[in-house]
Amino acid sequence: MKTIKILNSIAIVIPLVLFLLMLFNQECLFYGMFSLILTGIIQTILALILWIKDMKNKFLMAYFAVSILFFLSFLFIDDLNLDDVFSVTFWIIPAFLAVYLSVLIYQKNTLSEE
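All figures in this text were calculated on a predicted structure; none of them were measured in a lab.

Peer 1: Would you mind going over the overall build of the protein chain in detail, with residue names and values included?
Peer 2: When helices and strands are tallied, the protein chain shows four helices and zero strands. Starting at the N terminus and ending at the C terminus, the protein chain contains elements arranged as α-α-α-α. Burial statistics for the protein chain: of 114 residues in total, 25% are counted as buried. A sequence separation of at least 24 residues applies to 54% of the contacts in the protein chain between residues at least 6 apart. When the accessible surface of the protein chain is summed, it comes to about 8,300 Å², and 76% of that surface belongs to carbon and sulfur atoms.

Quick look at the structure:
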């Protein structure tokens, strides 16, 4: 469980550092955006590992349900821009998913240490 927490922390910190570096070098924005994709992949793998260990965890099922709905929504949405509230909210969902899974990992890690 400690390894999962460390991997998750690394996956979260790398995009944040790259976006902060963007203040000094604009190329870091590209790498920051790319690292967000990697963060999503890493977190999905970590969630799968946690789910395999505890298949009845309702919180992980909720994570997968929202993730799947988010990606399925791309099939039905033609144009996303930042002009309306829905589009802005739509692009915030991955950040909330990352935080949600991080909280689940941290709580599970804390509970397993006791």
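Don't stop here, the text continues.
Peer 1: How would you explain helix 2 (residues 27-53) if you had to name every residue and give the values?
Peer 2: Counted at 1.5 Å a residue, the expected span for helix 2 with its 27 residues is 39 Å, and the 40 Å between its end C-alpha atoms agrees. Residues Cys28, Gly32, Ser35, Thr39, Gln43, Leu46, Ala47 and Leu50 constitute the buried set of helix 2.

Peer 1: A description of the packing of aromatic side chains should follow, citing residues and the corresponding values.
Peer 2: In total, this model carries four aromatic pairs according to the counting rule given. A ring pair is formed by Trp51 and Phe64, whose centres lie 6.2 Å apart and whose planes are at 75°; its orientation type is edge-to-face. With Trp51 in helix 2 and Phe64 in helix 3 (residues 58-72), this residue pair connects regions lying 13 residues apart in the sequence. Classification of Trp51 as partly exposed rests on a relative accessible area of 28%. Residue Phe64 is classed as buried on the basis of its relative accessible area of 16%. For the pair Tyr63 and Phe64, a centre-to-centre distance of 5.6 Å together with 70° between the ring planes defines the contact as edge-to-face. In this pair, the class of Tyr63 matches that of Phe64, namely buried. Taken together, the ring pairs in this structure connect Trp51, Tyr63 and Phe64 into an aromatic cluster.

Peer 1: With reference to specific residues and values, describe the side chain of Ser35.
Peer 2: If you trace the backbone, Ser35 turns up in helix 2. Here the side chain of Ser35 touches Gly32 through a polar contact of 2.7 Å, landing on its backbone oxygen.

Peer 1: How would you sum up the layout of surface pockets? Please name residues and give values.
Peer 2: If you add up the space inside the largest pocket, you get close to 780 Å³. Around the largest pocket sit 23 residues that line it, and Leu36, Ile37, Gly40, Pro94 and Ala95 are the ones nearest its centre. When contributions to the lining of the largest pocket are tallied by element, the ones reaching two or more residues are helix 1 (2-21), helix 2, helix 3 and helix 4 (85-113). Here the lining of the largest pocket is built from residues that sort into 18 nonpolar, five polar and no charged.

Peer 1: Let's hear about a nonpolar patch on the surface: which residues, and what values?
Peer 2: The grouping of Leu7, Phe30, Tyr31, Phe34, Ile37, Leu38, Ile41, Ile42, Ile45 and Ile49 at the surface amounts to a nonpolar patch, some 930 Å² of accessible area in total. Counting residues per element, the nonpolar patch draws most heavily on helix 2, at nine residues. Along the chain, Phe30 falls in helix 2. Looking at Phe30, the relative accessible area reads 56%, which means it is exposed.

Cut-offs used in this document
- Residues numbered from 1 in each chain as written.
- Predicted model: local features only at pLDDT ≥ 70, side-chain atom pairs only at ≥ 80, totals over all residues.
- Heavy atoms only, no water.
- Helix = DSSP H or I, 4+ residues; strand = E, 2+ residues; numbered from the N terminus.
- Buried < 20%, exposed > 50% of the residue type's maximum accessible area, 1.4 Å probe, protein only.
- Contact = heavy atoms within 4.5 Å.
- Areas by Shrake-Rupley, 256 points an atom, 1.4 Å probe, with all protein chains shown as cover.
- Expected span 1.5 Å × (residues − 1).
- Phe/Tyr/Trp six-rings, centres within 6.5 Å; stacked < 30°, edge-to-face > 60°.
- Polar contact = N/O pair within 3.5 Å; in protein donor to acceptor, adjacent residues only side chain to side chain.
- 1 Å grid on protein atoms, 1.4 Å probe; cavity = no way out; pocket = protein on both sides within 12 Å on 5 of 7 lines; lining within 4 Å.
- Points joined across faces, edges and corners; volume = space filled by probe spheres on them.
- Nonpolar A, V, L, I, M, F, W, Y, C, P; charged D, E, K, R; others polar.
- Patch = residues over 30% accessible without salt bridge, like charges linked within 9 Å, V, L, I, M, F, W, Y side chains within 5 Å.
- Salt bridge = Lys/Arg side-chain N within 4 Å of Asp/Glu carboxyl O.

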